[in-house]
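Overview (structure and organization)
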Amino acid sequence: MRDKQSSRDFQHKKSLGQNFCINPNLCDSLIELLAPADNATIWEIGPGKGALSEKIIEKTDDYLLFEIDERLKEDLEKIASPDRIIFGDFLKTDFSKLPKPANDFYICGNLPYCSATHIITQILESSLNPRRLVFLLQEEVAVKAAASVNEKEYGYLSVHRAFFAKAQTGKKFSPENFIPKPKVMSKLLALEPLLLTQEEKKERIEVLKKVSVLFTQRRKMVLPRLKKGFPNTDFADRFISMNLSPEARPENISPEQYLLLFKKSGE
Ligand code: SAM
């Protein structure tokens, strides 16, 4: 692992979520949860100074590191092959220009807090189809992504995640494990994408547009809003046939029920 002094000397950019890991056990826990097959393809988002990358490179030669900050080039090239480091914004990557990943394909990273949700939703909606994803996230985000219907943390992010993947949270880590120390706790999140065609993904993305509007007013009853927004669909009938209370709020409707509610024949 890169020495702590080198992490302290670096001018960290808060805007890029640069909180570097200084605890090798944390990286081991992430790899344990990722459980990659032998010689798998592993992509890491945001390698920083390479704390996690070192562990990935021990597991496979078939890796790619995506880092936005070119100031980290010298550090990363000490541990990784230059042709396996891609400098640029992961969110703007054209995946079709990259070598096609093997069947055993995994994505992981200690994600920048600022863009973690965006990175996860983009991967899940894409045609990448990794076998498993494991990320270290702000604890609150990991818990929200994994939450089930009627739980306090259940919201749009939980529905989005459930439309594309099964989730499991892992160990929790305190700010002392990073330089500089973040203000919040961190937690591991493992995602196992569902086997969906691109067509099915597209349909789910369409449904999510409606779900996101409902969650902007999470305390309001859903049925009256749907009746008003979509007068040509008999949502009252759909609520009855789905055994949904006419007083249900967005947080009382499960991901499966959202899919049924907005199934193609309706709105
Ligand atoms: N993996 C390292 C570790 O655990 O020490 C660094 C993790 S740090 C929380 C997040 C890293 O993501 C930083 O190196 C940052 O520069 C990089 N980063 C931020 N936004 C990015 C983006 N859009 N695309 C690629 N890398 C990004």
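Above: the structure in question.
Calculation rules
Along each chain, the written sequence defines residue order, and numbers are assigned to residues from 1. Reporting in this predicted model follows two pLDDT cut-offs: at least 70 for local features of residues, and 80 or more for side-chain atom pairs to be given and counted; totals over whole chains, interfaces and linings ignore these cut-offs and use all residues. Processing note: side-chain calculations cover all non-hydrogen atoms of the structure and skip hydrogens and water entirely. Here a residue is considered near a molecule or strand provided that any single heavy atom belonging to it is located within 4 Å of it. Here a polar contact is recorded for every N or O atom pair within 3.5 Å, except that within protein the pair must consist of a potential hydrogen donor and a potential acceptor, and residues adjacent in sequence are included only if both atoms are side-chain atoms. Where accessible areas are quoted, they stem from the Shrake-Rupley method and a 1.4 Å probe; at the residue level, only the protein chains shown are allowed to cover. Here a cavity is any set of points on a 1 Å grid over the protein atoms alone where a 1.4 Å probe fits but cannot get out, and a pocket is any open set with protein on both sides within 12 Å along at least 5 of 7 lines; a residue lines the site when it has an atom within 4 Å of a point. A cavity or pocket is said to hold a molecule if more than half of that molecule's atoms lie within 2 Å of its grid points. Segments assigned H or I by DSSP are reported as helices when at least four residues long, segments assigned E as strands when at least two residues long, and all are numbered from the N terminus. Residue polarity follows a fixed list, in which Ala, Val, Leu, Ile, Met, Phe, Trp, Tyr, Cys and Pro are nonpolar, Asp, Glu, Lys and Arg are charged, and the others, Gly among them, are polar. Think of it in three bands: with a 1.4 Å probe and only protein chains considered, a residue is buried below 20% of the maximum accessible area for its type, exposed above 50%, and partly exposed in between. Residues are treated as being in contact if the distance between any of their heavy atoms lies within 4.5 Å. Only strands joined by at least two bridges in the DSSP assignment are considered to pair.

1. Focus: the site of the ligand
The ligand sits among 21 residues. The nearest are Cys21, Gly46, Glu67, Asp89 and Asn110. Within the contact set of the ligand, a nitrogen atom lies 2.7 Å away from a side-chain nitrogen or oxygen of Asp89. Interatomic distance of 2.8 Å between a side-chain N/O atom of Asn110 and an oxygen atom of the ligand. Coverage of the ligand by the protein chains reaches 98% of its 600 Å² of free accessible surface. Using a 2 Å cut-off from the grid points, one finds that the ligand occupies the largest pocket. The set of elements that each furnish at least two residues to the shell around the ligand consists of strand 1 (20–21) and strand 3 (63–67). Split by residue class, the shell around the ligand holds 10 nonpolar, seven polar and four charged.

2. Section: the side chain of Arg132
Tracing the backbone through its elements, the reader meets Arg132 in strand 6 (residues 132–138). Overall, the relative accessible area of 16% leaves Arg132 in the buried class. In this structure the side chain of Arg132 is engaged in a polar contact, spanning 2.9 Å, whose partner is the backbone oxygen of Leu34. Not counting residues up to four positions away in its chain, the partners in contact with Arg132 are Leu33, Leu34, Ala35, Phe105, Tyr106, Ile107, Leu191, Glu192 and Pro193.

3. Examining the environment of Ile86
As for its position among the elements, Ile86 is in strand 4 (residues 85–87). Sequence separation between Ile86 and Lys73 is 13 residues; the distance between their C-alpha atoms is 9.8 Å. Apart from residues lying up to four places away in sequence, Ile86 is in contact with Leu64, Leu65, Phe66, Glu67 and Leu98.

4. A closer look at the pairing of strand 9 (residues 186–193)
The buried fraction of strand 9 is high, at seven of eight residues. Where strand 6 lies against strand 9, six bridges are found, and the strand directions are antiparallel. Of the residues in strand 9, the one forming a bridge with Leu137 is Lys187. In the sheet, strand 7 (residues 165–173) pairs with strand 9 via seven bridges, with the strands oriented antiparallel. Within strand 9, the position partnered with Ala167 by the bridge is Leu191.

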